[in-house]
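Spelled out, the chains give:
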Amino acid sequence: MSDAAAAITQQIREIVTQHARLNLGPEALTDDTDLYKAGMSSHASVNLMLALEGAFDVEFPDRMLRRRVFESVASIRTAIQELQAERGPGAGG
Amino acid sequence: MSYPSLPRVLVGTDIVTVSEVAAALERFGARYLSRCYTDAEVATCTSAAGGWDAARLAARFAAKEAVYKVLSPETGWLNPRSVEVVRSSSGVPSLRLTAEAMDRATELGIASWSVSVSHEATFATAVVVAVAPPAGPQAHT
């Protein structure tokens with residue numbers, strides 16, 4: 001994993017820990033942990049989405065408003081990287 | 001021996017912690033409102049102090065989630081704004097579905113909806129009932 005991807009991942013993990021209201025501690029959260037199975041409610045998933053948008057200065061388009069996008073740290077990272085790439089060079093780390 | 005088919009009754013329910021909505025309002029403000037509620041819903045959920053009534057908003061979010069559970073969209077996500085809780089002049093709530101919620105309800109053949117909401121300081125809850133055509137003839141021996 002590149003340094004940029006690692007930095008994004010760490011930031012996502014912090015945001016998930018703060019906003020997803022999981023029933024497990026941050027030390028148990030892996031990149032592939034199913035956040036819904038770990039206790040993230042529908043309202044918490046909205047909060048998570050809003051927090052991610054604010055932190056990464058992106059807006060999730062309708063096509064990305066899917067359960068699978070917010071299912072794990074890894075899937076969120078993929079979505080963030082895709083949005084940053086669409087924004088062009090110099091958009092995020 | 002077969003009996004006439006009966007309409008299907010589908011039920012959804014949800015409960016929301018009011019403090020979570022209050023925290024979202026404080027943290028995200030207008031962005032939270034614009035993503036989750038219609039303009040009409042926001043207008044009916046202002047508090048006497050001039051801010052937003054978190055309990056009433058929580059009840060509406062619970063209703064949206066209850067509808068989601070009935071519709072079970074294949075995407076696993078339903079735009080909250082496509083489900084609107086409408087309050088009549090008498091205070092009786094009803095549902096207005098638009099866009100993807102309406103599309104999914106049409107796909108399922110849902111002909112009518114009923115909703116009931118309730119809230120107090122800590123929790124808000126909603127129950128929705130949807131009526132859909134019969135699944136098919138039922139045979140009994």
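Rules used in this analysis
- Residues numbered from 1 in each chain as written.
- Chains lettered and ligands numbered in written order.
- Predicted model: local features only at pLDDT ≥ 70, side-chain atom pairs only at ≥ 80, totals over all residues.
- Heavy atoms only, no water.
- Phe/Tyr/Trp six-rings, centres within 6.5 Å; stacked < 30°, edge-to-face > 60°.
- Helix = DSSP H or I, 4+ residues; strand = E, 2+ residues; numbered from the N terminus.
- Buried < 20%, exposed > 50% of the residue type's maximum accessible area, 1.4 Å probe, protein only.
- Pairing = 2+ DSSP bridges.
- Axes fitted to C-alpha atoms, helices over the stretch in contact; angles between N-to-C directions.
- Contact = heavy atoms within 4.5 Å.
- Buried area = accessible area lost by both parts, 1.4 Å probe.
- Salt bridge = Lys/Arg side-chain N within 4 Å of Asp/Glu carboxyl O.
- Polar contact = N/O pair within 3.5 Å; in protein donor to acceptor, adjacent residues only side chain to side chain.
- Nonpolar A, V, L, I, M, F, W, Y, C, P; charged D, E, K, R; others polar.
- 1 Å grid on protein atoms, 1.4 Å probe; cavity = no way out; pocket = protein on both sides within 12 Å on 5 of 7 lines; lining within 4 Å.
- Points joined across faces, edges and corners; volume = space filled by probe spheres on them.

A.B. asks: Go over the packing of aromatic side chains with me, naming the residues and quoting the values.
C.D. replies: For any pair of aromatic rings, geometry is given as the distance between the ring centres together with the angle between the planes. Tallied over the entire structure, the rule returns 3 aromatic pairs over all chains. Taking the centre distance of 4.9 Å and the plane angle of 65 degrees together, the rings of Phe60(A) and Phe70(A) count as edge-to-face. With Phe60(A) in the loop between helix 2 (42-56) and helix 3 (73-87) and Phe70(A) in the loop between helix 2 and helix 3, this pair connects stretches of sequence that are 10 residues apart. Plain terms: the ring middles of Tyr32(B) and Tyr37(B) are 5.6 Å apart, the flat faces sit at 70 degrees to each other, and that makes the pair edge-to-face. Under the relative-accessibility criterion, Tyr32(B) is labelled buried at 0%.

A.B. asks: So, the sheet that holds strand 6 (residues 123-132) of chain B: which residues are in play, and what are the values?
C.D. replies: Residues and elements named next belong to chain B. Taken together, 3 strands build an open sheet; the order of strands is 2-6-5 and the sheet is antiparallel. One side of each edge strand has no neighbouring strand; the edge strands of this open sheet are strand 2 (8-17) and strand 5 (112-119). Sheet twist, expressed as the mean angle between neighbouring strand axes with direction ignored, is 10 degrees. Strands in contact with helix 1 (residues 18-28) are strand 2 and strand 6; relative to strand 2, the strand with the most contacts, it is inclined by about 65 degrees.

A.B. asks: Mind laying out the interface of chain A and chain B, listing which residues take part and the relevant values?
C.D. replies: Facing 20 residues of chain A, the contacting portion of chain B comprises 15 residues. Taking both partners together, chain A and chain B bury about 1,700 Å²; carbon and sulfur atoms supply 59% of that area. Our enumeration of links across chain A and chain B arrives at 4 salt bridges. Notably, a salt bridge pairs Glu20(B) with Arg21(A), separated by 2.9 Å at the nearest N-O pair. Counting every contact that joins chain A to chain B gives 6 residue pairs in polar contact (both at pLDDT 80 or more). If you tally residues by element for the side of chain A that touches chain B, the top one is helix 2 of chain A, at 10 residues. Residue classes in the side of chain A that touches chain B are distributed as 8 nonpolar, 7 polar and 5 charged.

A.B. asks: Can you lay out unusual backbone geometry for me, pointing to particular residues and giving the numbers?
C.D. replies: Here Arg21(A), not a glycine, exhibits a phi torsion of approximately 55 degrees, which is positive. If you trace the backbone, Arg21(A) turns up in the loop between helix 1 (3-19) and helix 2.

A.B. asks: Can you break down the side chain of Glu20(B) residue by residue, with the values?
C.D. replies: Tracing the backbone through its elements, the reader meets Glu20(B) in helix 1. Judged by its relative accessible area of 12%, Glu20(B) is buried. Here Glu20(B) is in contact with Arg21(A), Ser41(A), His43(A) and Asn47(A), once residues within four sequence places are set aside.

A.B. asks: An account of the layout of surface pockets is requested, with residue identities and associated values reported.
C.D. replies: Computed from the structure, the largest pocket encloses a volume of approximately 260 Å³. Surrounding the largest pocket, 17 residues form its lining, Ser42(A), Ser45(A), Glu65(B), Tyr68(B) and Leu78(B) being those nearest its centre. The set of elements that each furnish at least two residues to the lining of the largest pocket consists of helix 2 of chain A together with helix 4 (54-71) of chain B. Per-element accounting of the lining of the largest pocket gives the leading share, 4 residues, to helix 4 of chain B. Taken together, the residues of the lining of the largest pocket break down into 9 nonpolar, 5 polar and 3 charged.

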